[in-house]
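# Overview (structure and organization)
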Amino acid sequence: MPTLEASPDQRPLAGTAGLPRHVAIIMDGNGRWATARGLARTEGHRKGLDTVRRIVRHAGHIGLEVLTLYSFSSENWRRPPDEVTYLMGLLRFFIRRDLAELHANNVRIRVVGERDGLWPDIRALLEEAETLTAGNTGLALVIAFNYGARQEIVRAMRRIAEAVKAGAIDPSEIGEETIARHLDTAGIPDPDLVIRTSGEKRISNFLLWQSAYAEYVFPATCWPDFDEAEFDRAVAEYQARERRFGGVEARSAP
Ligand code: IPE
Ligand code: IPE
Ligand code: MG
């Protein structure tokens, strides 16, 4: 008689069953977190980096395939120069300090966003992170830095137009696949779940093309207080949703 309880080796790895392949996070609320505590906004960003470390580690542990973190938007240049400088410094600090550990943990880093116009040392660090980890097979950590979805689509359109001009693509061949291939995210599966912390419910120019059929979860928690349990709660909410992709019944991502 077969028992109802599966033996341990038949059970899926803890946490991996029904996991989204790709979770993308709009890390919001650092400034409000700090202001509410009478601190400078930059203190919120500093604390937010601790959350980045925790969530990246957690994503690796549960066997997530892709984690994208929205770290600096094309529009964030509108912030006071001191804050922009601080955010640039924080990215520099993160890569310098954490790259070796991420590499040791088999994390593959990809950076999406506009490279032109970034400070040369930041560009060099981003490239170093991508090159060093290119052969890794664990979690893909996608850092959206100086990223704006509309700007990304414009860049893709320009590349496609150049290819058409050069005779490499015929306009009649242009399809969704052509566009996807020319975006910064080429080769990365679309996000299944987009989380935006801090209670704001907007997209702010994040992965517009790629998130056409993503599920969205908006926890009220500000990013510096976000943790593994909150992440798991967002995933559980995702798992309870019925994705239909235009049909009438639940189905999995194409
Ligand atoms: C998110 O927190 C971090 C970045 C956008 C870089 P914010 O700095 O936007 O925090 P709030 O929205 O002002 O609270
Ligand atoms: C979006 O957050 C960008 C990042 C999280 C990097 P913002 O805080 O900049 O977005 P808005 O300005 O509130 O829409
Ligand atoms: Mg914000």
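I will try to describe carefully the structure that is included in this document. (Residues numbered from 1 in each chain as written. Chains lettered and ligands numbered in written order. Predicted model: local features only at pLDDT ≥ 70, side-chain atom pairs only at ≥ 80, totals over all residues. Heavy atoms only, no water.)

### Some thoughts on the site of ligand 2
How we decide: Proximity is defined per residue: any heavy atom of the residue falling within 4 Å of a molecule or strand makes that residue near it. In protein, a polar contact requires one atom able to donate a hydrogen and another able to accept it; more generally it is a pair of N or O atoms within 3.5 Å, and residues adjacent in sequence count only if both atoms are side-chain atoms. Per-residue and other accessible areas follow the Shrake-Rupley method at a 1.4 Å probe size, with only the shown protein chains counted as cover for residues. Comment: elements are numbered from the N terminus, with helices defined as DSSP H or I runs of at least four residues and strands as E runs of at least two. Classes in brief: Ala, Val, Leu, Ile, Met, Phe, Trp, Tyr, Cys and Pro nonpolar; Asp, Glu, Lys and Arg charged; the others, Gly included, polar.
What surrounds ligand 2 is the set Ile 26, Met 27, Asp 28, Tyr 70, Ser 71, Phe 72, Ser 73, Asn 76, Arg 79, Arg 196, Arg 202 and Ser 204. Take Arg 79: an N or O atom from its side chain is 3.2 Å from an oxygen atom of ligand 2. Note that an oxygen atom of ligand 2 is positioned 3.2 Å from one of the side-chain N or O atoms of Arg 196. Within the complex, the protein chains bury 77% of what would otherwise be the 390 Å² of accessible surface of ligand 2. Looking at the shell around ligand 2, the element that brings in the most residues is strand E2 (residues 66-73), giving 4 residues. Looking at the shell around ligand 2, its residues break down into 4 nonpolar, 4 polar and 4 charged.

### Digging into the site of ligand 1
For ligand 1, the full set of nearby residues is Met 27, Asp 28, Gly 29, Asn 30, Gly 31, Arg 32, Arg 41, His 45, Ser 71, Asn 76, Arg 79 and Leu 87. Within the side chain of Asp 28, a nitrogen or oxygen atom sits 2.9 Å from an oxygen atom of ligand 1. Between an oxygen atom of ligand 1 and a side-chain N or O atom of Arg 79, the distance comes to 2.7 Å. Isolated, ligand 1 exposes 380 Å² of accessible area, and the fraction of that covered by the protein chains is 86%. Of all the secondary structure elements, the ones that give two or more residues to the shell around ligand 1 are helix H1 (30-35) and helix H2 (41-62). At 3 residues, H1 tops the list of elements feeding residues into the shell around ligand 1. Of the residues contributing to the shell around ligand 1, the split by class is 2 nonpolar, 6 polar and 4 charged.

### Thoughts on the pairing of strand E1 (residues 22-26)
This is how it is decided: Burial classes: relative accessible area under 20% of the type maximum marks a residue as buried, over 50% as exposed, and values in between as partly exposed (1.4 Å probe, protein chains only). By this definition, two strands are paired if DSSP reports at least two bridges between them.
The buried count for E1 comes to 5 of 5 residues, which makes it a mostly enclosed element. Burial of the side chains of E1 extends over both faces: His 22, Ala 24 and Ile 26 are buried on one face and Val 23 and Ile 25 on the other. Where E1 meets strand E5 (residues 193-196), 4 bridges bridge the pair, whose relative direction is parallel. Paired with Ile 26 across the two strands is Arg 196, which belongs to E5.

### A look at the sheet that holds E1
The condition that has to hold: Only C-alpha atoms enter the line fits that serve as axes; for helices the fit covers just the stretch in contact. Angles between N-to-C directions range over 0 to 180 degrees.
With parallel pairing, 6 strands are arranged side by side in an open sheet as E3-E4-E2-E1-E5-E6. Two strands in the sheet have a free side with no partner beyond their single neighbour: strand E3 (108-112) and strand E6 (215-217). Sheet twist, expressed as the average angle between the axes of neighbouring strands with direction ignored, equals 20°. Across 5 bridges, E3 lies against strand E4 (residues 140-147) in parallel orientation. Residue pairing in the sheet places Val 112 in a bridge with Ala 144 of E4.

### Regarding helix H5 (residues 149-165)
Turn by turn, an α-helix covers 3.6 residues, leaving residues three or four places apart pointing in a common direction. Which entries qualify depends on this criterion: Helix span is expected to be 1.5 Å times the residue number reduced by one. Directions pointing from the helix axis toward each C-beta atom define the arc. Here, two residues are considered to be in contact whenever any of their heavy atoms come within 4.5 Å of each other.
Relative to the 24 Å expected for 17 residues at 1.5 Å per residue, H5 spans 24 Å between its end C-alpha atoms, a close match to the ideal helical length. Among the residues making up H5, those that are buried are Ala 149, Glu 152, Arg 155, Ala 156, Ile 160 and Ala 163. For H5, the angular spread of buried residues about the axis comes to 135°, placing them on one side. Residues of H5 that are exposed and point over 90 degrees away from its buried face: Arg 150, Arg 158 and Lys 165. Contacts made by the buried residues of H5 are with E4 and helix H6 (176-182). Directly beyond the C-terminal end of H5, a positive phi value near 80° is found at Gly 167.

### Topic: the pairing of E5
Covered by surrounding structure in E5 are Leu 193 and Ile 195 together with Val 194 and Arg 196, the residues of both alternating faces. Pairing analysis gives 3 bridges linking E5 to E6, with the strands arranged parallel. Across the sheet, Val 194 pairs through a bridge with Tyr 216, a residue of E6.

### Here we look at unusual backbone geometry
One non-glycine residue, Ser 198, lies in positive phi territory at about 85°. Relative to the helices and strands, Ser 198 is located in the loop between E5 and E6. One non-glycine residue, Leu 207, lies in the positive phi region at around 40°. Tracing the sequence through the fold places Leu 207 in the loop between E5 and E6.

The quantities given are spatial measurements derived from coordinates; they are silent on function.
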